[in-house]
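Residues per chain, in single letters:
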Amino acid sequence: MFKKKVLSVMVATLVSGAVYAQDEVRIGITQNNVGVDSYQTTYEKAFEEAAAANDNVDVVVLDAGGDVARQIGQVRNLIQQQVDAIIIWPTNGQAVIPAIRQAYNAGIPVVVTNSKIADAGLEYIAAFSGPDNVQQGASSAEMMCEALDGEGQIVQIAGQPGYTTAMERSQGFEDRLAEACPGVEILETQPADWNREKAQRVMENFLTKYDVIDGVYAGDDNMGVGALNAAKSAGRAGDIVFIGATNFAVGYEAIERGEYYGSIYQSPVDDAEAALQTALDVLAGKDVPKMNFFETPKITADNLAEFDKPVF
Amino acid sequence: MASAEHTKQGFMLSKKHKAGLLNFLSAQGILVFFLICMFAFSLTSEQFLSQSNIMTVVRQASIIGIIAVGVTVVIIGGNLDLSVGSMLSFSTVLVVDLHDKIGPVGAILVMFALTLMLGALNGLLVGFMRLNSLIVTLAMLSAIQGLVLIYSGGQNVDIANQSDTWFGVFGQGYLLGIAVPIIIFSLLAIIVQVVMSFTGYGRRIFAIGGNPVAAVYSGIRKNWCVFSTYMISAFCVACAALVLGARVMGSQNNVGQGYELLVLAGIILGGTSLLGGAGSIWKTVIGVLILGFIQNGLLLMGYPYYTQWLVTWVIIILAVWLDLANKRKRLLTRHS
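For chain B, an unreviewed UniProt entry supplies the name Monosaccharide ABC transporter membrane protein, CUT2 family and the organism Onishia taeanensis. Here is the UniProt Sequence similarities (unreviewed entry) comment for chain B, exactly as written: "Belongs to the binding-protein-dependent transport system permease family. AraH/RbsC subfamily."

The name an unreviewed UniProt entry gives chain A is Monosaccharide ABC transporter substrate-binding protein, CUT2 family, with Onishia taeanensis as the organism. Taken from UniProt, the Sequence similarities (unreviewed entry) comment for chain A reads in full: "Belongs to the bacterial solute-binding protein 2 family."

Participant: Can you walk me through the overall build of chain A in this structure?
Facilitator: For chain A, the helix and strand inventory stands at 10 helices and 12 strands. Reported as C-alpha extents along the three principal axes, the dimensions of chain A are approximately 85 × 50 × 30 Å. In chain A, buried positions account for 51% of the 312 residues. Considering only intrachain contacts with a sequence separation of at least 6, the fraction spanning at least 24 residues in chain A is 73%.

Participant: Any chance you could explain the interface of chain A and chain B here in plain terms?
Facilitator: Think of interface size as the accessible area that goes away when the parts come together; that is how it is often given. The interface of chain A with chain B comprises 25 residues on the first partner and 24 residues on the second. Counting residues per element, the ones that place at least two in the side of chain A that touches chain B are helix H2 (38–53), strand E7 (184–191), helix H7 (196–209), helix H8 (221–233) and helix H9 (249–256) of chain A. No other element matches H7 of chain A, which puts 9 residues into the side of chain A that touches chain B.

Participant: Help me out: how do you make sense of the domain arrangement of chain A in this one?
Facilitator: Residues and elements named next belong to chain A. For chain A, the domain assignment lists domain 1 (11–131 + 268–295) and domain 2 (133–265). Relative to domain 2, the C-alpha centre of domain 1 lies at a distance of 33 Å. Among the residues making up the side of domain 1 that touches domain 2, the classes are represented as 2 nonpolar, 2 polar and 1 charged.

Participant: Help me understand the sheet that holds strand E5 (residues 127–130) of chain A in this model?
Facilitator: Through backbone hydrogen bonds, the strands of a sheet pair up, either in parallel or in antiparallel fashion. All names here are of chain A. What the 6 strands build is an open sheet, ordered E2-E1-E3-E4-E5-E11; its pairing is parallel. Every other strand in the sheet has two partners, leaving strand E2 (57–63) and strand E11 (291–293) as the edge strands with one partner each. Averaged over all pairs of adjacent strands, the angle between their axes in this sheet comes to 20 degrees, without regard to strand direction. With 3 bridges connecting them, strand E3 (residues 85–88) and strand E4 (residues 110–113) associate as parallel partners. Note on E4: the bridge partner recorded for Ile 86 is Val 110. Here helix H10 (residues 268–283) sits on the sheet and contacts strand E1 (25–31), E3, E4, E5 and E11; the angle it forms with E5, its principal contact strand, is near 160 degrees.

Participant: Teacher, can you tell me more about the pairing of E1 of chain A here?
Facilitator: Two faces, one strand: in a regular strand the side chains alternate between the faces of the sheet. Residues and elements named next belong to chain A. Here E1 lies mainly inside the structure; 5 of its 7 residues are buried. Relative to E2, E1 is paired through 7 bridges, and the arrangement is parallel. Its bridge partner lying in E2, Ile 27 is registered against Val 59. Sheet topology note: the E1/E3 ladder contains 4 bridges and is parallel. Each bridged residue has a counterpart across the sheet, and for Gly 28 the counterpart in E3 is Ile 86.

Procedures and definitions
All residue numbers refer to positions counted from 1 along the written sequence of the respective chain. Each chain gets a letter, beginning with A, and each ligand a number, beginning with 1, in the order they are written. Confidence filtering applies because this is a predicted model: local features only for residues at pLDDT of at least 70, side-chain atom pairs given and counted only at 80 or more, and all residues used for totals across whole chains, interfaces and linings. UniProt positions are given in the numbering used here, feature names are shortened, and annotations may be inferred rather than shown by experiment. For the purposes of this entry, the term helix denotes a DSSP run of H or I that reaches at least four residues, the term strand denotes a run of E that reaches at least two, and both are numbered from the N terminus. With C-beta atoms placed from the backbone, a residue is labelled by how many other C-beta atoms lie within 10 Å of its own: buried for 20 or more, exposed for 12 or fewer, partly exposed between the two. Any pair of residues counts as being in contact when their C-beta atoms, constructed from backbone geometry, are within 7 Å of one another. The domain limits used here are those given by an automatic or database domain assignment. Put simply, Ala, Val, Leu, Ile, Met, Phe, Trp, Tyr, Cys and Pro go in the nonpolar bin, Asp, Glu, Lys and Arg in the charged bin, and everything else, Gly too, in the polar bin. When DSSP finds at least two bridges between two strands, those strands are taken to pair. Simply put, an axis is a line fit to the C-alpha atoms, just over the touching stretch for a helix, and the angle between two N-to-C directions goes from 0 to 180 degrees.

Structure representation (structure tokens):
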């Protein structure tokens, strides 16, 4: 009886101790470049809202403005402030590794969000949280296969050469297409730097060069809509299936109008919430896998109504 | 006898004619080079010389071409304008964003007014305050990009109901079977070429670019002339923004990034001297078209488009070298 009582008191202390500790959780985040595009702007807002909704979390929100040196300074600052965890949206997957190592040595867990860091830095981070670009490419390949009934000739308009996201999406798309859909041939791939006007130009040249194009795969909807515009001017949009790899508002509207087959829905809100949750799980001592991907579903005319129009 | 004389005369004539042709060829090296390029590409791709492809290339080149017309005037006047890329982003974002807020007419008017104000700022700093144009316009390049980000808050802008507006005509429309961007480009090029060749104003710009000290002593108001070249440049950027915005019906914040260098490449390739005082609009037009056809030709041949960066600059350096070698030779023969 006595023993049991002691035990329950101990458990109560432990539990209250844990609650008390949770009250104190301070998380610092250093973002890449808020304000440069709508995705990052929305991400920041969502992150702050998610933190505000959780009474036990206190956040220090910083932005590197795209500057690697400033981001490294911000990480050092957060180490000095002895925050409980650091979330970093790397400005550069390579250059931030020394700063991450410093945090690791200071015993502060680091969660990398949205875009990956180089493999050399993986041992110093607690976890990565973000979209799975390879999977996104693969899902787009599946949609392409479905839309063309497994037969056809397509062109690919990729993102900026050398940018991890662009390479992973192309890789995922090409690998899955070859595996699931050998009847669909990629005639040619050209980069358009995430730029709609450039994509429009590239597509105009494709249309001149190839008399038959059955489908276009674009690294995001911004470029996909550029390609759609080019095909519309040439009067060939009706013969071509357009598929993107990140849904933008313009792509959402084009799907609504029936001009665009589909895309991948990636929400900055999900991205921000997943990052915060991953950091909290790490702090709670849960067994967190190294790679945490939030879900980025396919979006087509069939399930369009289930999703809000992206704000970007 | 008569027939022999006749032959001799005929021979002399043809010799004279031949020398004239050679002179013409060496003087118009860029035109010859352009024709060689076209011929080479047409051998490798069937579609290259098709009418639709040529129209596509000229239409694509017209945005850079429109800006290059204005920048050529600045360069002839002895200055540089590197701010045109950011200015293009600014003006395109502005006109697209305002389109849905105050209607197309208002948007176009406000955009032209604000773009001309940026040009006036350039002109004030370079013309009246006599600051180095390279530094001023380089500073404006990043300052205006910052302005765009502040204005847009990082969001892309789009025109919501694209089928309900006539705005698209500037980028996608056709007049008498010719694309509107090509018409705007041609009109601007012709007007500015005429002004530069046949008016006192044009001669004054050449004079201040060629020898500013002598120009001032001959009573030319240099400050105003330099100022006016930046206004022309800004006006051309505004026209280009109109075409670009109407073509894409939306705009990213950095849509004009890198245009300043493409514009310069076209101008240099055309043969306008960066030192000022020499050059012409039609040369710039050909330079810009060569760039367009190289880019298109490489794409049709299946090379990734960034090979164009390499090829373009190799060709530019080659063209500048040929031009220089030619001038040296002519100078030497004249003196001997």
